[in-house]
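# Commentary on secondary and tertiary structure
Residues per chain are reported as follows:
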Amino acid sequence: MSTISLQAARDSGSWIARPGADADPTPSTRHRPVGLLLAAAGLVLVVTSAIATWGVPADLAAGRDATSTVAWTFATTVAGFGLAKIGIGITLLGIIVRLWHRANSVAFALPRLRPADAGDTSRVGPLDTAHGAATVTESAPEPLPIHRMAQLAWLPMLAMGAMALVVGLVLGLFAAAAEAGSQTSRELSAWTQGTMFLGEGLLLSGISFLLGTILAGLRQAGGEVQQSLGLRVQTLEMPASAKAFIALMAAGMMMAIGQFVLYVFVATSEASDPASFAAWSAWLGPFRETALGVLLAGIVLALFTISRVLGFQFDRIRDLARPTHRTTA
């Protein structure tokens, strides 16, 4: 019987700790209830803001100023989106832990399914597969630099994004309390919008890094399982979708930072002129939302890549369990 010896968790209290080889996968983790709770809280904020906003047309028709309502509902709506994104991030942490449980289970079951006389005639070097180019190595491959970065950066990104949303929410409440149409109101509005969308960009970047961490874990676990069986290791090369995901994530993050810098410029230099402030605001709105769209497009490509890697690994497991499996390089 051959089993893989996965490393013990670095920190047993960590939410992303890697479970040991003998860890019981049946108990529910903390990630799902916390993620659902945050998503529900975000939905409550968004719905509350929407209900309050429905009264704005009536206020305007009656000649009442609605600036205050628009200011605080904007801040709470974006904060609600942010809470939902944090919920997504925490749920992804649970998926990472479950993927390690999956590696443990595969390592436990494969030796029992694989024929005893199945040899390994694969040659070290490049390999063509139905899922794209792969590489055959003697041992499990080392993590790529982008994987190391993802494993280090997801937490700072999520933490900074959450802090930016809190700051933006406070600024939005101050903007709602400021005199309508005043320079102070415009300054606070610019600071609120720039800060909150910077927070949204940071949260989406944190989610992107978590997806990169999932890809890193799949690559590492897949290699370790094969190595534990005494086989040469087949690893899928980084597909074009993964490279595009990295490019879109970097571009979206730079755009999110750029919109914040421009909002700071507007708040400090253009708020005294209502016409100039309105002109800047007219195009900064679509620009900041495009930044989030670019990040979301990258996330779609990351999910596509994860699906591709899983398909490659499922095929590899099936081949190893056959009486004669593909080993042609």
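Please read all numbers here as calculations on a predicted model, not as lab measurements.

## What about empty space enclosed by the protein?
Under the criterion given, the structure shown has one cavity of 30 Å³ or more. If you add up the space inside the largest cavity, you get close to 30 Å³. If you trace the largest cavity, you find it lined by P141, E142, P143, L144, H147, A216, R219 and Q220.

## With respect to the layout of surface pockets
In this structure, the largest pocket encloses a volume near 560 Å³. Every residue lining the largest pocket is counted, 39 residues in all, and those nearest its centre are L215, L218, R219, T235 and V309. Contributing elements (two or more residues each) for the lining of the largest pocket: α3 (67–113), β2 (132–137), α4 (145–177), α5 (183–228), β3 (233–236), α6 (240–270) and α7 (274–321). Top contributing element to the lining of the largest pocket by residue count: α5, with 11 residues. Residue composition of the lining of the largest pocket, grouped by class: 23 nonpolar, 12 polar and four charged.

## Section: the side chain of E200
The topology assignment puts E200 in helix α5. A distance of 2.6 Å separates a polar atom in the side chain of E200 from a polar atom in the side chain of K85. If we skip the residues at most four places from it in the chain, E200 touches V78, F81, G82, K85, L165 and L292.

## Focus on the environment of P156
Along the chain, P156 turns up in helix α4. Classification of P156 as partly exposed rests on a relative accessible area of 37%. With 89 residues separating them along the chain, P156 and F245 place their C-alpha atoms 20 Å apart.

## Some remarks on α6
Residues spaced three or four apart along an α-helix point in a common direction, a consequence of the helix completing one turn every 3.6 residues. Helix length check: α6 (31 residues) gives 43 Å between terminal C-alpha atoms against 45 Å at 1.5 Å per residue, within 8%. Regarding α6, the residues found buried are S241, A242, F245, M249, G252, M253, A256, Q259, Y263, V266, A267 and E270.

## So, the packing of α3 against α7
Direction vectors running N to C along α3 and α7 enclose 10°, while the axes themselves pass 13 Å from each other. With respect to α7, the element α3 is oriented roughly parallel. Along the contact surface, α3 presents F74, R102, V106, L110 and L113, while α7 presents R288, L310, Q313, F314, I317, L320 and A321.

Conventions we followed
- Residues numbered from 1 in each chain as written.
- Predicted model: local features only at pLDDT ≥ 70, side-chain atom pairs only at ≥ 80, totals over all residues.
- Heavy atoms only, no water.
- 1 Å grid on protein atoms, 1.4 Å probe; cavity = no way out; pocket = protein on both sides within 12 Å on 5 of 7 lines; lining within 4 Å.
- Points joined across faces, edges and corners; volume = space filled by probe spheres on them.
- Helix = DSSP H or I, 4+ residues; strand = E, 2+ residues; numbered from the N terminus.
- Nonpolar A, V, L, I, M, F, W, Y, C, P; charged D, E, K, R; others polar.
- Polar contact = N/O pair within 3.5 Å; in protein donor to acceptor, adjacent residues only side chain to side chain.
- Contact = heavy atoms within 4.5 Å.
- Buried < 20%, exposed > 50% of the residue type's maximum accessible area, 1.4 Å probe, protein only.
- Expected span 1.5 Å × (residues − 1).
- Axes fitted to C-alpha atoms, helices over the stretch in contact; angles between N-to-C directions.
- Parallel < 35°, antiparallel > 145°, perpendicular 65-115°, else oblique.

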